[in-house]
Amino acid sequence: MNQTGPAAPYEQGRPPFVIVALDRVTGAALWISMAALAAIFLADNTEVVSRYALNSPTRWSAEFVSYFLLVATFTALPRLTRDGGRVAVTVILEKLPSRLHVPSGMVIAALGALICATLAWIAAEETFRQISRDIRVMAAVPIPKALVSAWMVFGLALTSLQFLRIALLPGERQNSETKK
């Protein structure tokens with residue numbers, strides 16, 4: 001049985017390799033995000049024990065937590081985008097006739113992709129500048145600033161691809177959710 005239209009975006013019911021790869025990278029990014037949150041938990045608890053039980057505070061925990069919070073945020077962002085967990089102002093869509101909801105959503109997702117791609121590009125340029133000039137963060141434990149900035153590039157680029165996916169395959173998310 002061959003269906004057409006947004007209800008059946010894939011022929012033979014299998015997603016293309018690009019979508020599977022995108023899902024795998026997004027899933028790996030979510031695992032990185034969860035690991036970063038676990039590391040934050042451990043670093044904070046290490047600081048509390050060191051400071052109050054051993055009377056010997058760490059020099060690195062506050063910086064570590066701030067860096068890993070950035071990692072956790074930007075690696076979770078693509079999955080949240082894919083699953084519709086992002087913040088959305090829907091007042092305009094609600095005012096439109098129902099026949100325009102899907103095309104309008106596609107345009108909004110395309111704009112999201114463009115914005116995230118532009119931000120990823122700007123962040124990448126800055127990251128390459130940081131690498132070329134060997135810029136380090138001003139902290140108790142200086143590290144190359146590009147190690148922090150690169151996570152922004154990764155997260156924004158992957159989020160852009162997820163927005164592009166939503167724009168090009170508007171019925172895909174509903175179909176994949178109903179198959180589970």
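Residues numbered from 1 in each chain as written. Predicted model: local features only at pLDDT ≥ 70, side-chain atom pairs only at ≥ 80, totals over all residues. Heavy atoms only, no water.

**What to know about the overall build of the chain**
Helix and strand counts for the chain stand at six helices and zero strands. The linear arrangement of helices and strands in the chain, starting from the amino end, is α-α-α-α-α-α. The 180 residues of the chain split such that 31% are buried. Taken as a whole, the chain presents about 11,900 Å² of accessible surface, with 69% of it coming from carbon and sulfur. (Helix = DSSP H or I, 4+ residues; strand = E, 2+ residues; numbered from the N terminus. Buried < 20%, exposed > 50% of the residue type's maximum accessible area, 1.4 Å probe, protein only. Areas by Shrake-Rupley, 256 points an atom, 1.4 Å probe, with all protein chains shown as cover.)

**A word on the side chain of S149**
Structurally, S149 is set in helix 5 (residues 145–168). Residue classification places S149 among the buried residues on the basis of a relative accessible area of 11%. Polar contacts involving the side chain of S149 include one to the side chain of Q130, which spans 2.8 Å. Not counting chain neighbours up to four residues away, the residues in contact with S149 comprise T127 and Q130. (Polar contact = N/O pair within 3.5 Å; in protein donor to acceptor, adjacent residues only side chain to side chain. Contact = heavy atoms within 4.5 Å.)

**Looking at the pattern of salt bridges**
Per the stated rule, a full pass over the model turns up six salt bridges. Residue R51 is joined to E47 by a salt bridge in which the shortest nitrogen-to-oxygen separation is 2.7 Å. Residue R51 and its partner E47 are both found in helix 1 (residues 17–53); the two are separated by four residues, about one turn of the helix. Taking the relative accessible area as the measure of exposure, E47 reaches 11% and is therefore buried. Between D83 and R82 there is a salt bridge, with the nearest N and O atoms lying 3.0 Å from each other. Given the relative accessible area of 14%, R82 is considered buried. (Salt bridge = Lys/Arg side-chain N within 4 Å of Asp/Glu carboxyl O.)

**What about a nonpolar patch on the surface?**
Taken together, the side chains of V107, L111, L114, I115, L119, W121 and I122 present a nonpolar region at the surface, about 740 Å² in accessible area. Examined against the element boundaries, L111 turns out to sit in helix 4 (residues 101–132). (Patch = residues over 30% accessible without salt bridge, like charges linked within 9 Å, V, L, I, M, F, W, Y side chains within 5 Å.)

**Thoughts on the confidence of the model for the chain**
Confidence along the chain averages 87 in pLDDT terms, with 89% of residues attaining 70 or more. When mean pLDDT is compared element by element in the chain, helix 5 scores highest at 96, while helix 6 (residues 172–179) scores lowest at 50. Low pLDDT (under 50) marks residues 174–180, which in the prediction has five contacts with non-local residues, meaning those over four places away or in another chain. (pLDDT = per-residue confidence, 0-100.)

**Looking at the packing of helix 1 against helix 2 (residues 61–82)**
Remark: helix 1 packs on helix 2, axes separated minimally by 8 Å, with the N-to-C direction vectors making an angle of 155 degrees. When the axes of helix 1 and helix 2 are compared, the pair comes out roughly antiparallel. For the element pair helix 1 and helix 2, the recorded crossing hand is left-handed. A class-by-class count of the residues in the contact of helix 1 with helix 2 yields 16 nonpolar, four polar and five charged. (Axes fitted to C-alpha atoms, helices over the stretch in contact; angles between N-to-C directions. Parallel < 35°, antiparallel > 145°, perpendicular 65-115°, else oblique. Left-handed = near helix turned anticlockwise from the far one by under 90°. Nonpolar A, V, L, I, M, F, W, Y, C, P; charged D, E, K, R; others polar.)

**Some words on helix 4**
An ideal rise of 1.5 Å per residue puts 46 Å on 32 residues; helix 4 measures up with 46 Å between its terminal C-alpha atoms. Buried residues of helix 4: S104, A109, G112, A113, C116, A120, A123, A124, T127 and Q130, and no others. Along its buried surface, helix 4 packs onto helix 3 (91–95) and helix 5. (Expected span 1.5 Å × (residues − 1).)

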